[in-house]
Amino acid sequence: MDLNFTEEQQILRDMVRNLCEEHCGTRVVRELENDPVGIPAGLWAQMRETGLLAMMLPEQYGGMGLDMIDRAVIYHEFGRALAPGPHFASSVMAALAIEAAGSAAQKEVLLPAIGRGELVVVPAWLEPDNGFGPEGVQLRATAGAGAGGYRLDGVKRHVPCARAAQKLLVLARSGDAPGAVELLLVDVDAAGLGFEQQLSMASDTQYRVRFDGVEVPAANRLGAAGSGWATWSDCMHSGLILLAAQAVGGAERALEITVEYAKGREQFDKPIAAFQALAHYMADAATVVDGAHTLVLEAAWAHANGKSVARLAPMAKLFACNTFRDVTARCEQIHGGYGFTLEYDIQLFFRRAKQLQMNWWDSRYLEQLIAAEVLDGSGPTIDDPFAV
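Since we're looking at a predicted model, the values are computed, not measured.

Interaxial distance between helix α1 (residues 7–23) and helix α3 (residues 41–50) falls to 9 Å at its minimum, and their mutual angle equals 155 degrees. Between α1 and α3, the crossing angle belongs to the class labelled roughly antiparallel. Helix-helix and strand crossings are classified by hand; for α1 and α3 the assignment is right-handed. Contact residues: M15, L19 and H23 in α1; G42, L43, Q46 and T50 in α3. Looking at the contact of α1 with α3 residue by residue, the class counts come to three nonpolar, four polar and no charged.

Our focus in this paragraph is empty space enclosed by the protein. Using the criterion set out here, one finds one cavity of 30 Å³ or more in the structure. Of the pockets and cavities examined, the largest cavity occupies roughly 770 Å³. What lines the largest cavity is a set of 36 residues, and nearest its centre among them are G85, D204, Q246, N359 and W360. Of all elements in the fold, only α4 (68–81), α5 (87–101), β3 (150–160), α7 (228–264) and α10 (346–358) reach the threshold of two or more residues within the lining of the largest cavity. Taken together, the residues that form the lining of the largest cavity break down as 21 nonpolar, 11 polar and four charged.

Here the focus is the packing of aromatic side chains. Counted according to the given criterion, the structure contains nine aromatic pairs. On the basis of an interplanar angle of 85 degrees and a centroid distance of 6.2 Å, the ring pair of Y261 and Y344 is categorised as edge-to-face. Here Y344 lies in the loop between α9 (312–335) and α10 and Y261 lies in helix α7, a separation of 83 residues in the sequence. Judged by its relative accessible area of 15%, Y261 falls in the buried class. Take Y344: its relative accessible area is 29%, and that puts it in the partly exposed class. When the ring of W361 is compared with that of Y365, the centres are 5.1 Å apart and the planes differ by 50 degrees; the resulting orientation is tilted. No difference in accessibility class separates W361 from Y365, as the two residues are buried. Connected via pairs of aromatic rings, a cluster forms that spans Y75, F78, F88, W125, F132, W232 and W360.

Definitions and limits used
Residues numbered from 1 in each chain as written. Predicted model: local features only at pLDDT ≥ 70, side-chain atom pairs only at ≥ 80, totals over all residues. Heavy atoms only, no water. Axes fitted to C-alpha atoms, helices over the stretch in contact; angles between N-to-C directions. Helix = DSSP H or I, 4+ residues; strand = E, 2+ residues; numbered from the N terminus. Parallel < 35°, antiparallel > 145°, perpendicular 65-115°, else oblique. Left-handed = near helix turned anticlockwise from the far one by under 90°. Contact = heavy atoms within 4.5 Å. Nonpolar A, V, L, I, M, F, W, Y, C, P; charged D, E, K, R; others polar. 1 Å grid on protein atoms, 1.4 Å probe; cavity = no way out; pocket = protein on both sides within 12 Å on 5 of 7 lines; lining within 4 Å. Points joined across faces, edges and corners; volume = space filled by probe spheres on them. Phe/Tyr/Trp six-rings, centres within 6.5 Å; stacked < 30°, edge-to-face > 60°. Buried < 20%, exposed > 50% of the residue type's maximum accessible area, 1.4 Å probe, protein only.

So, to be careful, I would describe these as geometric facts and stop short of saying anything about function.
Quick look at the structure:
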């Protein structure tokens, strides 16, 4: 198992970092807070121009032929820049689901459009007071709404950038069995849809979406009937690796900001970085960030080499997001009172660290997945890379 970056991956990292520095500085992050659309125009245009919107796609649909390590390199840089927008929701999760379960016709139409930036599709998944597992999907998809279609009734929340999207990827329950879930594509201008923007800890763009008798034709279903949760779970395991890479990138940059601050901030005629207690804080943070980075690369390597990530992906997201949260909390303490003022950038990282920890699959659900693999699974996490 070789986790060293190739020359091509180093070039990719530098390209994405330069792109983010030019088009996604903290000024842009601040301007996009609580924005009703949530797309940074300059950054999105550059993502389209450089092919980053197609990073998950096979080459036949306009992709660049990247593997999961390449994609983790990209998301590490997105995390450093706190890049806003619906990239993960649309270009990662929706693209993965369409590729995994869509018909040939659906893939031919939707995937290239996502890659070109002409189409934004965001998942409508989580529901008020429901959990992260299949039982948490309770929005009803009642069959028989014309030509074998569905009628949707219920509420979804935490729908990212819903007003920037042309379609929603809706998880809806069609039966009483735990996994009886459908993946349905719904146009955002469909009759019966209602949108209400939600405020969040990270001040990102989220919506509560109400479905009141929304009719969806059967042709808009992805995959076979009742297969939606299995598809979604598989896609989530791939997406978790990128979320973990994003968290590591954010923790890395937060620590860099804090080291710079500690070297310049003086008390008792010397930089506060010279005080042993604070120096040890930063040393511990550097150690755990490096460990999280290694775990993310291990998960990405396993995925890229066809190994199971059923255990590694949840482990990577759990550990990386815990690291992001803990490191930014330490960074806030080192900044002192300044850290909680809006003028300092460290609070941008601190707020997003906690939200990323709770987003998509949260810590408790990830722990359940890991425990199930440890207690019920068979065999090692991956093949022993050091075996002769």
